[in-house]
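# Commentary on secondary and tertiary structure
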Amino acid sequence: MNQEPFSLWVYLSSQPLLWLVVTLWAWVAADRIALLARRAPIVNPVLIAILIVSAILAATNTPYAVYFEGAQFVHFLLGAATVSIAIPLVRNRSVVRANLLPLLAALIVGSMVAIISVIVLGRIFDLPHDVLVAMAPKSVTAPVAMGIAEKLGGEPSLTAVLVILTGVLGAVVVTPLMNAFRIRDYAARGFAVGLASHGIGTARAFVVDPLAGTFAGIAMGLNAILTSILTPILVHWLL
């Protein structure tokens, strides 16, 4: 039996660059599928990319640590993406100033509800303390959420999973939910999804409407700041 293909795979799988290429290929393929589906909410490219990469890792019996060694460059870019949140905030500062009070009210209520609701539900199901702490910052972008969880004694890797699940769920339900409630204001729609579903929701908002995407980015940035302040206070109060 010819062992050359197997030997080639063993060699390639040990190279970090392979998993970076796999990650990028999975995203391109997932985005293509979403495009063919006319960007239907249920066909979320982030979820599809996760499933593709997971299937490849399972089929090749590749440990996550080996995969992350190659894909960590994408993880590194999360920091730059987080900083870039400030761009739509600065560009639309006049709109933000004009709507400052309703935006702040929605921000405070939305941030507190996101934290308190998950902690209360977790306590009802008697989840361990470290799991509750990991769940609390689920509605902010991954680098911020993982940092909050780590500082409070939670498990950052669990937080990352919950952040992704929250983002994907928000991106899938936002359009039909807003339509069901007959909310036509794209600024309000975008702000709501950015507040609840961070970057993944923001990406979906940009697909629907540029104004919605802009306000989603603003909400995501402001919520990252507020959640960093509120989470330690609410965790201490509720736990």
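Relevant structure appears above.
The text that follows walks through the structure, step by step, so that each part is easy to find. (Residues numbered from 1 in each chain as written. Predicted model: local features only at pLDDT ≥ 70, side-chain atom pairs only at ≥ 80, totals over all residues. Heavy atoms only, no water.)

## Overview of helix H10 (residues 156-180)
Helix length check: H10 (25 residues) gives 35 Å between terminal C-alpha atoms against 36 Å at 1.5 Å per residue, within 8%. Along H10, the sharpest kink reaches roughly 45 degrees, centred on Val174 and followed within four residues by the proline Pro176. Residue Arg182 follows H10 closely and has a positive phi angle near 60 degrees. (Helix = DSSP H or I, 4+ residues; strand = E, 2+ residues; numbered from the N terminus. Expected span 1.5 Å × (residues − 1). Bend = angle between axes of the 7 residues up to and from the residue.)

## Topic: the side chain of Thr23
Mapped onto the elements, Thr23 comes out in helix H2 (residues 16-36). Overall, Thr23 belongs to the buried group, its relative accessible area being 16%. Residue contacts for Thr23: discarding those within four places in its chain leaves Val53, Tyr67, Ala71 and Val74. (Buried < 20%, exposed > 50% of the residue type's maximum accessible area, 1.4 Å probe, protein only. Contact = heavy atoms within 4.5 Å.)

## Structural notes on the pattern of salt bridges
Should their charged atoms come close, side chains of opposite charge can pair. What the rule picks out here adds up to one salt bridge. For the salt bridge of Arg39 with Asp31, the shortest nitrogen-to-oxygen distance reads 2.7 Å. Assessed through its relative accessible area of 24%, Arg39 is described here as partly exposed. The class of Asp31 is partly exposed, set by a relative accessible area of 26%. (Salt bridge = Lys/Arg side-chain N within 4 Å of Asp/Glu carboxyl O.)

## Observations concerning the packing of helix H7 (residues 100-124) against helix H12 (residues 210-238)
Put simply, H7 and H12 touch, their axes get as near as 9 Å, and they point 45 degrees apart. For the element pair H7 / H12, the angle class is oblique. As H7 packs across H12, the resulting crossing turns out to be right-handed. For the pair H7 and H12, the contacting residues are Leu103, Leu107, Ile108, Ser111, Met112, Ile115, Ile116, Ile119 and Arg123 in the first and Phe215, Ala219, Leu222, Asn223, Leu226, Thr227, Leu230, Thr231, Leu234, Val235 and Leu238 in the second. Class assignment of the residues belonging to the contact of H7 with H12 gives a composition of 15 nonpolar, four polar and one charged. (Axes fitted to C-alpha atoms, helices over the stretch in contact; angles between N-to-C directions. Parallel < 35°, antiparallel > 145°, perpendicular 65-115°, else oblique. Left-handed = near helix turned anticlockwise from the far one by under 90°. Nonpolar A, V, L, I, M, F, W, Y, C, P; charged D, E, K, R; others polar.)

## Remarks on the nonpolar core
With 20 residues, the main nonpolar core has Ile115, Ile119 and Phe191 as its most contacted residues. Mapped by element, the contributors of at least two residues to this core are H7, helix H8 (129-135), helix H11 (186-208) and H12. Here the element with the most residues in this core is H12; it accounts for eight residues. The residues touching Phe191, leaving out its near neighbours within four places in the chain, are Leu103, Ala106, Leu107, Phe215, Ala216, Ile218 and Ala219. Formed by twelve residues, the second largest nonpolar core is a distinct cluster that contains Trp19, Ala26, Ala30 and Leu57. (Core = buried A, V, L, I, M, F, W, Y, C linked by side-chain atoms within 4.5 Å.)

## Thoughts on H7
Taking 1.5 Å per residue, 25 residues should reach 36 Å; H7 reaches 36 Å between its end C-alpha atoms and fits that length. Taken together, the buried positions of H7 are occupied by Leu103, Leu107, Ser111, Ala114, Ile115, Val118, Ile119 and Gly122. Buried residues belonging to H7 abut helix H6 (93-98), H8, H11 and H12. The first or second residue beyond H7 is Asp126, which carries a positive phi of 55 degrees.

## Side note on the packing of H11 against H12
In the contact formed by H11 and H12, the axes pass within 6 Å of each other and the chain directions differ by 70 degrees. As judged from the angle between their axes, H11 and H12 are roughly perpendicular. For the pair H11 and H12, contact is made by Tyr186, Ala187, Gly190, Phe191, Val193, Gly194, Leu195, His198, Gly199, Thr202, Ala205 and Phe206 and by Pro210, Leu211, Ala212, Gly213, Thr214, Phe215, Ala216, Gly217, Ile218, Ala219, Met220 and Asn223, respectively. Split into classes, the residues belonging to the contact of H11 with H12 amount to 15 nonpolar, nine polar and no charged.

## Considerations on the packing of aromatic side chains
Evaluation of the coordinates by the stated rule reveals three aromatic pairs. Seen from their ring centres, Tyr64 and Tyr67 are 5.9 Å apart, and the 45 degrees between their planes marks the pair as tilted. A residue pair is termed a helical-turn pair when its members lie 3 or 4 positions apart in one helix, as Tyr64 and Tyr67 do in helix H4 (residues 64-83) at three residues. Judged by relative accessible area, Tyr64 falls into the exposed class, the value being 55%. Seen from their ring centres, Tyr64 and Phe68 are 5.9 Å apart, and the 25 degrees between their planes marks the pair as stacked. (Phe/Tyr/Trp six-rings, centres within 6.5 Å; stacked < 30°, edge-to-face > 60°.)

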